[in-house]
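Below, each chain spelled out in residue letters.
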Amino acid sequence: MIPFGTRLRAAMDTRGPLCVGIDPHASLLDAWGLADDIKGLETFTRSAVEALADRVAVLKPQSAFFERFGSRGIAVLEKAVEEARAAGALVLMDAKRGDIGSTMGAYAATYLDPGSPLFSDAVTVSPYLGFGSLRPALDLAAANGAGVFVLALTSNPEGAEVQRATAADGRSLAQLMLDHMAAENAGADPMGSVGAVVGATLGDAGANLAINGPLLAPGIGAQGATPADLPGVFGSAVGNVVPSVSRGVLRHGPGASGLRDAAQRFADEVREAVSAA
Ligand SMILES: O=c1ccn([C@@H]2O[C@H](COP(=O)(O)O)[C@@H](O)[C@H]2O)c(=O)[nH]1
């Protein structure tokens, strides 16, 4: 079984590192001329997957926008995961799960067990019930060649009050989590399967990001960050960054060419910014 970190590095090398988020906001459905109902969700999602899954390294469905439609929304999500993976994209399920370990086991089974209809290449998780609470997800991911992206320094301004707070040993909470991730990834080559979420909006991460794993960087586009910000935020770790854009690409739909061109523009800007760093 090929580990997620190895598969992601290969995808980044061949397709470029861009991740495009599938976030079916009600406002985007409207802008695409679709109703804010299950049929609109289905058409939106299918169009985005068909336009992008054969070219971007990672597609990141935002689970919340599917969950709001109940079981029928989840069915759309299941189909999107299957079709995106079949077309060659890695699927990162943005679900930000986190709970006590025994419940975390059920979340892990949902996204990281190949027998589950929502099995994805990776899932986002929150470590703020303690990094150890993530153990069921870390172990199941490793057993199945999947990955886990752990929130470290999120792109929203409110995150700092928790993530920059000082832990008992003087490190920031975010640094404590990043150090746990580095320990999980120790010795992995070309990189480990435990990634960190670090917002592209931060200006300067102000943390040691050398986790030997991927760094998911949301916040590009609608939240105001640009690819040119990446070297400043990530410094010498910029080669491990997976920049993520959702609305910044999706607002160029519904046509496939609009979505593809927008994704290509971001990919080109990322390449220029990273190669100049
Ligand atoms: O720190 C984080 C973690 C996750 N996200 C998610 O990424 C997308 C961003 O969407 P845009 O339209 O590109 O702003 C969204 O699904 C967030 O939940 C994040 O923004 N920041």
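Remember, predicted model here, so these are calculated numbers, not experimental data.

1. Here we look at helix H5 (residues 70-86)
- In a regular helix each residue adds 1.5 Å, so 17 residues correspond to 24 Å; H5 covers 25 Å between its end C-alpha atoms and thus fits that length.
- Gly73, Val76, Leu77, Ala80, Val81 and Ala84 are the residues of H5 that are buried. Viewed end-on, H5 has its buried residues packed into an arc of 140°, placing them on one side of the element. Away from the buried face of H5 by more than 90 degrees, exposed residues Ser71 and Ala86 are located.
- Tucked inside the fold, the buried residues of H5 contact strand S1 (19-22), helix H3 (38-52), strand S2 (58-61), helix H4 (63-67) and strand S3 (90-97).
- Just downstream of H5 lies Gly88, where phi reads positive at about 105°.

2. Re the site of the ligand
- Close to the ligand lie 18 residues; Thr154, Ser155, Pro218, Ser246 and Arg247 are nearest.
- Of all the secondary-structure elements, those providing two or more residues to the shell around the ligand are strand S8 (241-245) and helix H11 (247-250).
- In terms of residue class, the shell around the ligand is made up of four nonpolar, eleven polar and three charged.

3. Focus on the UniProt feature "active site" (unreviewed entry) in the chain
- Under the local residue numbering, the UniProt record ascribes the feature "active site" (unreviewed entry) to Lys96.
- The topology assignment puts Lys96 in strand S3.

4. What about the pairing of strand S5 (residues 147-153)?
- Within S5, seven of the seven residues are buried, leaving the element largely enclosed by the surrounding structure.
- Across four bridges, the pairing between strand S4 (residues 122-125) and S5 is parallel. Its bridge partner being in S5, Val125 is matched across the sheet by Val150.
- As a crossover connection, the stretch from S4 through helix H7 (residues 135-143) into S5 is right-handed.
- Looking at chain direction, S5 and strand S6 (residues 194-198) are connected through five bridges and run parallel. Counterpart to Val148 in the pairing with S6 is Val194.

5. A short note on the confidence of the model for the chain
- Scored by pLDDT, the chain comes out at a mean of 97, with 100% of its residues at no less than 70.
- For this predicted complex, the interface score ipTM comes out at 0.99, while the overall pTM is 0.98.

6. Some thoughts on the UniProt feature "domain: Orotidine 5'-phosphate decarboxylase" (unreviewed entry) in the chain
- Mapped onto this structure's residue numbering, the UniProt feature "domain: Orotidine 5'-phosphate decarboxylase" (unreviewed entry) falls at residues 17-262.
- As annotated, residues 17-262 comprises 39% helix and 16% strand, and the C-alpha atoms at either end are separated by 15 Å.

7. Digging into the sheet that holds S6
- What the eight strands build is a closed barrel, ordered S1-S2-S3-S4-S5-S6-S7-S8; its pairing is parallel. Direction aside, neighbouring strands of the sheet carry axes that sit 30° apart on average.
- Packing of H5 onto the sheet brings it into contact with S1, S2 and S3, and relative to S2 it is tilted by some 180°.
- Lying over the sheet, helix H9 (residues 173-185) contacts S5 and S6, oriented at roughly 155° with respect to S5.

Rules and cut-offs
- Residues numbered from 1 in each chain as written.
- Predicted model: local features only at pLDDT ≥ 70, side-chain atom pairs only at ≥ 80, totals over all residues.
- Helix = DSSP H or I, 4+ residues; strand = E, 2+ residues; numbered from the N terminus.
- Expected span 1.5 Å × (residues − 1).
- Buried ≥ 20, exposed ≤ 12 C-beta atoms within 10 Å, placed from the backbone.
- Arc of directions from axis to C-beta.
- Contact = placed C-beta atoms within 7 Å.
- Near = placed C-beta within 6 Å.
- Nonpolar A, V, L, I, M, F, W, Y, C, P; charged D, E, K, R; others polar.
- UniProt positions renumbered as here; feature names shortened; annotations may be inferred.
- Pairing = 2+ DSSP bridges.
- Right-handed = clockwise from strand over helix to strand, strands pointing away.
- pLDDT = per-residue confidence, 0-100.
- Axes fitted to C-alpha atoms, helices over the stretch in contact; angles between N-to-C directions.

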